[in-house]
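What follows is each chain in one-letter form.
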Amino acid sequence: MNKQEILKKYTKEEDRLLIAKVLDKMEFAKSKNKITNTDFLDLYQKNLVQKLLNSIKCENYLFFGGNDQAERELVIFYPEKLEKQFVEKNYNNIMQIIEIILPNELQGSYTHRDYLGGLMKLGIKREKIGDIIVFNEGANIIVLNEILDFVNGNITSLTRFSKSLIQTKKIEELHKQEIKTEEIQIIVSSLRLDNIVSELAKTSRTKAGEVINSGRVFVNFENVIKDSKTIKEADIITIRGKGRFKILEVMGNTKKGRFIVKVEKYV
């Protein structure tokens, strides 16, 4: 493996930096015979790293973020002498859960943004935090063990959490995520991706094209930068910063020939 030759393939500085770190982690696991891991990756980063690992035929790794539905995951590299099952039994050596239970008068009033914003105020980098599972009583926040003590020791200094019950839980105790959706309808001139994104993100088609080209749009969890891609029924579209949507049905056409599309929006 020629690291420098691999890095030359990436034009974006942030992509090269990420890939360099991943390659270093992989080499560490191999040379030191130790389990190691990356920080949490978003959808774009996961897709980038997965393509890299496929291209260099890496085998001793797995993605994990707390459960099978996790959006943010890290990559765990392990030496050849270990079985994958051993790694899976030791997730708590890498990440755990900080559970926040709000006082009665605040339950149901905080959103994902409130929890993430609080952690950002503590100076924690986003890549150290996995998914945040919000429920009526509070939230489960998946964090790397390296910041666990810091978060536990400082989170009640934030006014919004000063009266909350804070406790650490094992990853297998993760609160079951309740997926809430609502149905909406959009009308588009064609089923091109940029038209669909424009309506879902409530922006212009030009701006939608910029969002797609910047790598912020995923179709069926694969990063897509071709704005002319045709979208079909059952496709799942994720727009970073705007949410996730599933195309349920192309219901027909308006008198002007535009498409009426039923969409399931994840809320």
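This structure is a prediction, so every number in the text was calculated from the model and none was measured.

About the thresholds
- Residue indices begin from 1 for each chain and proceed along its sequence in written order.
- Where local features are concerned, this predicted model is filtered to residues with pLDDT of at least 70; where side-chain atom pairs are given and counted, the filter is 80 or more; whole-chain, interface and lining totals use all residues.
- Only heavy atoms go into the side-chain values, all of them from the structure, while hydrogens and water stay out.
- Inter-axis angles, ranging from 0 to 180 degrees, are taken between N-to-C directions of lines fitted to C-alpha atoms, where helices are fitted over the stretch in contact.
- Each helix is a run of DSSP H or I of at least 4 residues and each strand a run of E of at least 2, with the numbering of both proceeding from the N terminus.
- Under this scheme an angle from 65 to 115 degrees is roughly perpendicular, one under 35 degrees roughly parallel, and one over 145 degrees roughly antiparallel; angles in between are oblique.
- In what follows, residue pairs with any heavy atoms lying within 4.5 Å of each other are defined as contacts.
- Amino acid classes used here: Ala, Val, Leu, Ile, Met, Phe, Trp, Tyr, Cys and Pro are nonpolar; Asp, Glu, Lys and Arg are charged; the rest, including Gly, are polar.
- A pair of strands is labelled paired if DSSP reports no fewer than 2 bridges between them.
- Relative accessibility thresholds used throughout: buried, under 20% of the residue-type maximum; exposed, over 50%; partly exposed, between the two (1.4 Å probe, protein chains only).
- Note: the arc covers the axis-to-C-beta directions of the helix.

What about the packing of helix H7 (residues 193-200) against helix H8 (residues 205-213)?
And step 1. Contact pair H7 / H8: the axes reach a minimum separation of 8 Å and the direction vectors enclose 105°. Taken together, H7 and H8 sit at an angle that is classed as roughly perpendicular. Residues Leu193, Asp194, Asn195, Val197 and Ser198 of H7 pack against Arg205, Ala208 and Ile212 of H8.
And step 2. Residue classes in the contact of H7 with H8 are distributed as 4 nonpolar, 2 polar and 2 charged.

Section: the sheet that holds strand E2 (residues 61-64)
And step 1. One open sheet holds the 3 strands; their spatial order is E1-E3-E2, and the pairing between them is antiparallel. For this open sheet the edge positions go to strand E1 (36-37) and E2, each flanked by a neighbour on one side alone.
And step 2. As judged from the 2 bridges shared by E1 and strand E3 (residues 74-77), these two strands associate in the antiparallel manner. When the bridges of E3 are listed, Thr36 appears paired with Phe77.
And step 3. Here helix H3 (residues 43-55) sits on the sheet and contacts E2 and E3; the angle it forms with E2, its principal contact strand, is near 165°.

A few points about the sheet that holds strand E8 (residues 181-188)
And step 1. The strand order across the open sheet built from 6 strands is E8-E13-E12-E11-E9-E10, with neighbouring strands paired in antiparallel fashion. The open sheet has two edge strands, E8 and strand E10 (222-223), and neither has a second partner.
And step 2. In this structure, strand E9 (residues 217-219) lies alongside E10, joined through 2 bridges in antiparallel fashion. Directly across from Phe218, in E10, lies its bridge partner Asn223.
And step 3. Sheet contacts for H7: E8, E9, strand E11 (236-239), strand E12 (243-253) and strand E13 (259-266); angle to E8, the most-contacted strand, approximately 125°.

Comments concerning helix H5 (residues 112-121)
And step 1. Taken residue by residue, H5 has Tyr115, Leu116, Gly118 and Leu119 as its buried positions. Down the axis, H5 shows its buried residues gathered within 155° of arc, on one side only. Opposite its buried face, H5 presents the exposed residues Arg113 and Lys121, each directed more than 90 degrees away.
And step 2. In this structure, the buried side of H5 is in contact with strand E4 (95-101), strand E5 (129-135), strand E6 (138-144) and helix H6 (148-154).
And step 3. The first or second residue beyond H5 is Gly123, which carries a positive phi of 85°.

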